Amino acid sequence: VALGLYFPRKEYLENVYIDEPAGMPLLRIHALRDSREEVAHFHLCHNLIVPRARPQENNWFQIREETGLLYLSKSLNREDFNMLSVGNWMPLSKVMLYVFLSSNPFQEKECDSATRTTVFLSLINATAPACSSLAARQLCFTEMDLSFHIKENKPPGTFHQLRLPSVHHLCQNLSISYKLLAAEGVPFRYNENTTSVRVTQRLDREERERYELIAKCTVREGFREMQVEVPFLVNVLDEDDSPPFLPNGTDTADAVVEFNRKEGTVLSTLTVYDADTTPIYPLESSRKKYTGTIITEDPWISETFRVEHIFDEIHFSPNGSQVRGTRHEY
């Protein structure tokens, strides 16, 4: 089933300071494709969501439909801040925006796309700090973890840009460069010119479920050099594409029934492995996926014997990396 374009991050985070100029780039949002023909279109829908208050009309933020670049369309002044912070005396106010995704150009006011991500904007009641006063961590990365979700069996594509658009725009006298540190042969490529990270091939969750890389950033200002490293994690999302399998290929089990067996006596067991899925909660939904049935026309057998189904999470180790799966016992 083609589910269409999707976001590799569930949410994004950025700071907005008072009096930053209109046109100021804030952050870059990416989408990954379900099939090669798709082209991503981004759209801001609905109003600004303000905690503990009515939604406000969005007069300040826009997104470029083709590139996913979110920017200030109007400078945020102190009056705007006071209106959006709604009697909140804190120096910071958080608002939310939803970015929607479609493989077709958006029609005005069309906001029924189910595919959306949330952008949290921290509005700060101060002008932007001088670049030289910021620590390397602030110049290089947002406060969010660099953690991504990529679906297995999908086409390659760019899913992140390391450079922060706002810092790149404001701190032109600083040299900020990145590296992606990874083991040989991982399916990700870093482009030094654009600072973008790309998944280079279709992933297979049954081969590897998680990749742990490191993003390294170097900031140079005159003779001063600062470095900072943060984890860069990619989780592979499962698609139900591998059939269950039986150890030793055995799909039957013999049961010998003797007289005077107590109720609850286990007569025979059959084990089935599924590398494709892990137990889902509530447990009933996992139980419904596979059922064990006694095939008989004898009502006495149906009344006297039953199949019990228990299952637990296990780990397989293809290529030395741990992948979760399920062991079903009947």
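Residues numbered from 1 in each chain as written. Predicted model: local features only at pLDDT ≥ 70, side-chain atom pairs only at ≥ 80, totals over all residues. Heavy atoms only, no water.

By the naming in an unreviewed UniProt entry, the protein chain is RET kinase, taken from Rhodinocichla rosea. In its Subcellular location (unreviewed entry) section, the UniProt record describing the protein chain reads: "Membrane". (UniProt positions renumbered as here; feature names shortened; annotations may be inferred.)

Some thoughts on the sheet that holds strand S12 (residues 196–199)
Read across the sheet, 3 strands follow the order S9-S12-S11 without closing on themselves; strand pairing throughout is antiparallel. Across the chains shown, the open sheet's two edge strands, defined by having one partner strand only, are strand S9 (157–161) and strand S11 (188–191). If you compare each strand with its neighbour and ignore which way they point, the axes differ by 30° on average. (Pairing = 2+ DSSP bridges. Helix = DSSP H or I, 4+ residues; strand = E, 2+ residues; numbered from the N terminus. Axes fitted to C-alpha atoms, helices over the stretch in contact; angles between N-to-C directions.)

Some words on the pattern of salt bridges
Taken as a whole and assessed by the stated rule, the structure comprises 13 salt bridges. Glutamate 212 is paired through a salt bridge with arginine 210; the nearest N and O atoms lie 3.1 Å apart. With a closest N to O distance of 4.0 Å, glutamate 313 and arginine 324 form a salt bridge. A residue pair is termed long-range when its members are at least 10 positions apart, and glutamate 313 in strand S16 (residues 310–316) and arginine 324 in strand S17 (residues 323–329) qualify at 11 residues. In this structure glutamate 313 comes out as partly exposed when scored by relative accessible area, which is 38%. (Salt bridge = Lys/Arg side-chain N within 4 Å of Asp/Glu carboxyl O. Buried < 20%, exposed > 50% of the residue type's maximum accessible area, 1.4 Å probe, protein only.)

Focus: the state of the cysteines
According to the stated counting rule, one finds 2 disulfides in the structure shown. Linked covalently through their sulfurs, cysteine 140 and cysteine 217 form a disulfide whose S-S length is 2.0 Å. Residues cysteine 140 and cysteine 217 are joined by a disulfide whose S-S torsion is about -65°; by sign, that bridge is left-handed. Of this pair, cysteine 140 sits in helix H2 (residues 136–140) while cysteine 217 sits in strand S13 (residues 210–221), and the two are 77 residues apart along the sequence. For the pair formed by cysteine 140 and cysteine 217, the shared burial category is buried. (Disulfide = S-S within 2.5 Å.)

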